[in-house]
Amino acid sequence: ISNLFPGLYHDLNVLFSEDSMQKYFKIDKEAYKSKGVFCLFDVRFPEINHIKNNAINALVCYNLLDSMNEIRKLVNTLIDNGYNVVLRPHPSDKRRVRGFENIEISVGRTIWEDLKYAAFVIVNESAVTLESLYLNIPTYKLSSLSLSIRDNYGFIDKGLITKEYFNENELIKDIGSAKIVWDTNKLEWFIGSLKNRKSKLKLLN
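Residues numbered from 1 in each chain as written. Predicted model: local features only at pLDDT ≥ 70, side-chain atom pairs only at ≥ 80, totals over all residues. Heavy atoms only, no water.

(A) Structural context of the sheet that holds strand E6 (residues 118-123). Strand order in the open sheet made by the 6 strands is E5-E4-E3-E6-E7-E8, with parallel pairing throughout. Sheet topology places strand E5 (103-105) and strand E8 (164-165) at the edges, where each strand pairs with a single neighbour. Direction of pairing for strand E3 (residues 57-62) relative to strand E4 (residues 85-89): parallel, over a ladder of 5 bridges. Counterpart to tyrosine 62 in the pairing with E4 is proline 89. On the sheet, helix H6 (residues 168-176) packs against E6, strand E7 (139-142) and E8 and is oriented at approximately 170° with respect to E7. (Pairing = 2+ DSSP bridges. Helix = DSSP H or I, 4+ residues; strand = E, 2+ residues; numbered from the N terminus. Contact = heavy atoms within 4.5 Å. Axes fitted to C-alpha atoms, helices over the stretch in contact; angles between N-to-C directions.)

In structure tokens:
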């Protein structure tokens, strides 16, 4: 979640992680203290051994905040450098995609389906960061896609993402050298502990 979410209002609130708990507490302390809170884990994440990766694509995940002109610049740079590009718009982004050639546009597939074929992922302000890093897929944050919101989820603040990019050339250089600009040790803070799932669900019940 982000700090823009409303406060808790249900009798029992099942949260995914320490990150969720901290943010909801900060959003509305009184509401947090007056409601039941149970820290589970992010139930949307499958068992990691259920997903096999066939790394062939550069997966670009964008949303309504991101400039289509900046996305176009990125795509052209990737193609010029020999990458096979798949664009994945956020489900709420209904903009018509024009002016792109030699790319694939993901429509109606789950994020896990697209990640199966991702050699690396490029995002800006997107929770896809969690899903791609969970699968150990190289993930890069290109902040120049939109500067209207910075670090909305706190990935940089908490050290999950250790470098952001403001131009395509530096990004391409680091992709080519397989530079690590993330720290998966910080992942559990955002998605909770996915160990002992059954016992946690039993405790919740």
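(B) Expanded view of the packing of aromatic side chains. Following the criterion strictly, the structure yields 10 aromatic pairs and no others. Centre to centre, the rings of phenylalanine 45 and tryptophan 112 are 5.4 Å apart; their planes meet at 75°, and the pair counts as edge-to-face. Here phenylalanine 45, found in the loop between strand E2 (36-39) and E3, pairs with tryptophan 112, found in helix H4 (residues 111-115); they are 67 residues apart in sequence, far enough to count as distant. Given the relative accessible area of 2%, phenylalanine 45 is considered buried. These aromatic residues form a ring-pair network of at least three members: Tyr83, Phe120, Tyr140, Tyr165 and Trp182. (Phe/Tyr/Trp six-rings, centres within 6.5 Å; stacked < 30°, edge-to-face > 60°. Buried < 20%, exposed > 50% of the residue type's maximum accessible area, 1.4 Å probe, protein only.)

(C) Structural context of the side chain of aspartate 174. Residue placement: aspartate 174 occurs in helix H6. What makes aspartate 174 buried here is its relative accessible area of 7%. A polar contact is formed between the side chain of aspartate 174 and the side chain of tyrosine 165, at a distance of 2.7 Å. (Polar contact = N/O pair within 3.5 Å; in protein donor to acceptor, adjacent residues only side chain to side chain.)

(D) Local environment of the environment of serine 146. Tracing the chain through its elements places serine 146 in the loop between E7 and E8. For serine 146, a relative accessible area of 8% gives the class buried. Residues serine 146 and tryptophan 182, 36 residues apart in the sequence, show an inter-C-alpha distance of 20 Å. Setting aside anything within four residues of it in sequence, one finds serine 146 in contact with Leu65, Asp66 and Asn124. In this structure the side chain of serine 146 is engaged in a polar contact, spanning 3.0 Å, whose partner is the side chain of serine 148.

(E) Focus on unusual backbone geometry. The backbone of aspartate 151 sits at a positive phi, close to 55°, despite the residue not being glycine. Examined against the element boundaries, aspartate 151 turns out to sit in the loop between E7 and E8. The backbone of alanine 178 sits at a positive phi, close to 55°, despite the residue not being glycine. Position of alanine 178 among the secondary structure elements: in the loop between H6 and helix H7 (187-191).

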